[in-house]
Amino acid sequence: MTKLLSANLLRLRKSMLFWGCLILMLLLGAGFTLQRYWEQAAYAQFGQLSYLDEVLFRHGLLIGIVMAVFVPLFFGTEYSDGALRNKMVVGHSRLSIYFANLITAVAASFAFCAAYILAVLALGVPLLNGIRLAAAQCALFMLGTLALAAAFSALYTFVAMLCARKAASAVACILGVFLLLFAGIYINSRLNAPEFLREYSIAADGQVVEEEPKPNPQYPRGMEREVYQFLYDFLPGCQSIQYGDMSVENPALLAAYSLGILVVSAGAGAALFKRKDLK
């Protein structure tokens, strides 16, 4: 598998797609940092401060979208140009091919995250205030976002290696990540819905009277709330939303879920790819 990894890394260094995604993450990191700086400058008279950690971990929100484009396009060519068959002809096993591609995808996702972080640090350290999180908490957040990037990479590798058509796998990955993000937005709105609704009426003398609060039918209770909370912590798109708005309460749990998704999807993908009929 060492030769396969070396070949994949050589392809990465020569890939315009890889360098384009890397530059995109650099620009996004710089853009988010400058946006926070300009917001701080605009509202300085109100005492509003912007902190480095407000943008430092937003790559957790971006990496799923970037990898949804990168993985199927980068590995999809192996079907179209016959590289996959050539690898098997020279004696490489299907498992070694699959896991070499998975490791390459994870390495690429880490490189994209590193590009974003370097851009944020380069501009954020001189322009923004420091990090409010404790060192241990900051390390957990970083571990969680990297685990999330690895989970996304494993899911997209699963699709790209089992779908022989590059366009179809790219569409599936892109639609999948946006469905996951929309699910995260919806679940977040349900979990943050108020438990009671306040209603007001106007009395005969024209005074506004607050009536007794009524239970909100959209507020999840009991088992329903537990299910929503589990999905919000487990699904990669929901984790992306939490890292994007810095609402993560238990980064260690989210990292454990992401690693679980990585292991399960990698195992299932390798098992199915081993039985796939490669024409």
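One can find the structure itself at the top, above this paragraph.
Only a predicted model underlies this, so the values are computations on that prediction, with no experimental measurement involved. (Residues numbered from 1 in each chain as written. Predicted model: local features only at pLDDT ≥ 70, side-chain atom pairs only at ≥ 80, totals over all residues. Heavy atoms only, no water.)

Draft legend 1. Expanded view of the overall build of the protein chain. When helices and strands are tallied, the protein chain shows 11 helices and 4 strands. Considered along the principal axes of its C-alpha atoms, the protein chain spans approximately 90 × 45 × 35 Å. Once local pairs closer than 6 in sequence are excluded, the contacts in the protein chain between residues at least 24 apart make up 78%. Carbon and sulfur atoms make up 67% of the accessible area of the protein chain, which amounts to about 14300 Å² in all. (Helix = DSSP H or I, 4+ residues; strand = E, 2+ residues; numbered from the N terminus. Contact = heavy atoms within 4.5 Å. Areas by Shrake-Rupley, 256 points an atom, 1.4 Å probe, with all protein chains shown as cover.)

Draft legend 2. How the structure looks around a nonpolar patch on the surface. Taken together, Val 69, Leu 73, Ile 174, Phe 178, Leu 179, Phe 182 and Ile 185 make up a surface patch of nonpolar side chains, about 600 Å² in accessible area. At the level of elements, helix H4 (59-80) and helix H8 (166-191) are the ones that each hand at least two residues to the nonpolar patch. With 5 residues, the single largest contributor to the nonpolar patch is H8. Mapped onto the secondary structure, Leu 73 falls in helix H4. (Patch = residues over 30% accessible without salt bridge, like charges linked within 9 Å, V, L, I, M, F, W, Y side chains within 5 Å. Salt bridge = Lys/Arg side-chain N within 4 Å of Asp/Glu carboxyl O.)

Draft legend 3. View of the pattern of salt bridges. Using the criterion set out here, one finds 7 salt bridges in the structure. The salt bridge partner of Arg 11 is Glu 78, with a shortest N-O separation of 3.5 Å. Placement of Arg 11 in helix H1 (residues 2-14) and of Glu 78 in helix H4 is noted, with a sequence separation of 67 residues between them. Given the relative accessible area of 29%, Arg 11 is considered partly exposed. Here Glu 54 ties to Arg 36 by a salt bridge, and the two come within 2.6 Å at their closest N and O atoms. (Buried < 20%, exposed > 50% of the residue type's maximum accessible area, 1.4 Å probe, protein only.)

Draft legend 4. Representation of the packing of aromatic side chains within the structure. Using the criterion set out here, one finds 17 aromatic pairs in the structure. The interplanar angle of 85° and the centroid separation of 5.5 Å between the aromatic rings of Phe 70 and Phe 112 together place this pair among those described as edge-to-face. Placement of the pair is Phe 70 in helix H4 and Phe 112 in helix H6 (residues 94-127), with a sequence separation of 42 residues. When its relative accessible area of 0% is taken as the criterion, Phe 70 is described as buried. (Phe/Tyr/Trp six-rings, centres within 6.5 Å; stacked < 30°, edge-to-face > 60°.)

Draft legend 5. Region of the structure containing the packing of helix H7 (residues 135-162) against helix H11 (residues 251-275). Put simply, H7 and H11 touch, their axes get as near as 8 Å, and they point 20° apart. The angle between the axes of H7 and H11 places the two elements in the roughly parallel class. Crossing of H7 against H11: the hand is left-handed. For the contact of H7 with H11, the residue count by class is 21 nonpolar, 5 polar and no charged. (Axes fitted to C-alpha atoms, helices over the stretch in contact; angles between N-to-C directions. Parallel < 35°, antiparallel > 145°, perpendicular 65-115°, else oblique. Left-handed = near helix turned anticlockwise from the far one by under 90°. Nonpolar A, V, L, I, M, F, W, Y, C, P; charged D, E, K, R; others polar.)

Draft legend 6. Spatial organisation of unusual backbone geometry. Its identity as a non-glycine residue notwithstanding, Met 246 has a phi of 55°, on the positive side. You can see Met 246 is positioned in the loop between helix H10 (236-244) and H11. Residue classification places Met 246 among the partly exposed residues on the basis of a relative accessible area of 25%.

Draft legend 7. A look at the side chain of Ser 240. Turning to its location among the elements, Ser 240 is positioned in helix H10. Assessed through its relative accessible area of 1%, Ser 240 is described here as buried. Excluding anything up to four places from it in sequence, Ser 240 contacts Gly 60, Leu 61, Leu 148, Phe 152 and Leu 181.

Draft legend 8. Representation of the side chain of Gln 242. Within the secondary structure, Gln 242 is located in helix H10. When its relative accessible area of 3% is taken as the criterion, Gln 242 is described as buried. In this structure the side chain of Gln 242 is engaged in a polar contact, spanning 3.4 Å, whose partner is the side chain of Asp 233. Among residues more than four places away in sequence, those in contact with Gln 242 are Tyr 232, Asp 233, Ser 247, Val 248, Glu 249 and Leu 254. (Polar contact = N/O pair within 3.5 Å; in protein donor to acceptor, adjacent residues only side chain to side chain.)

Draft legend 9. Region of the structure containing the nonpolar core. By size, the foremost hydrophobic cluster in this structure holds 46 residues, and its most contacted members are Met 67, Phe 70, Val 71, Phe 112 and Tyr 156. Of all the secondary-structure elements, those providing two or more residues to this core are helix H2 (16-42), helix H3 (53-56), H4, H6, H7, H8, helix H9 (222-234) and H10. No other element matches H4, which puts 9 residues into this core. Discounting chain neighbours no more than four positions away, the residues touching Phe 112 are Phe 18, Cys 21, Leu 22, Met 25, Ile 63, Val 66, Met 67 and Phe 70. If you look at the next biggest cluster of nonpolar residues, it comprises 9 residues, including Leu 4, Ile 97, Tyr 98 and Ala 270. (Core = buried A, V, L, I, M, F, W, Y, C linked by side-chain atoms within 4.5 Å.)

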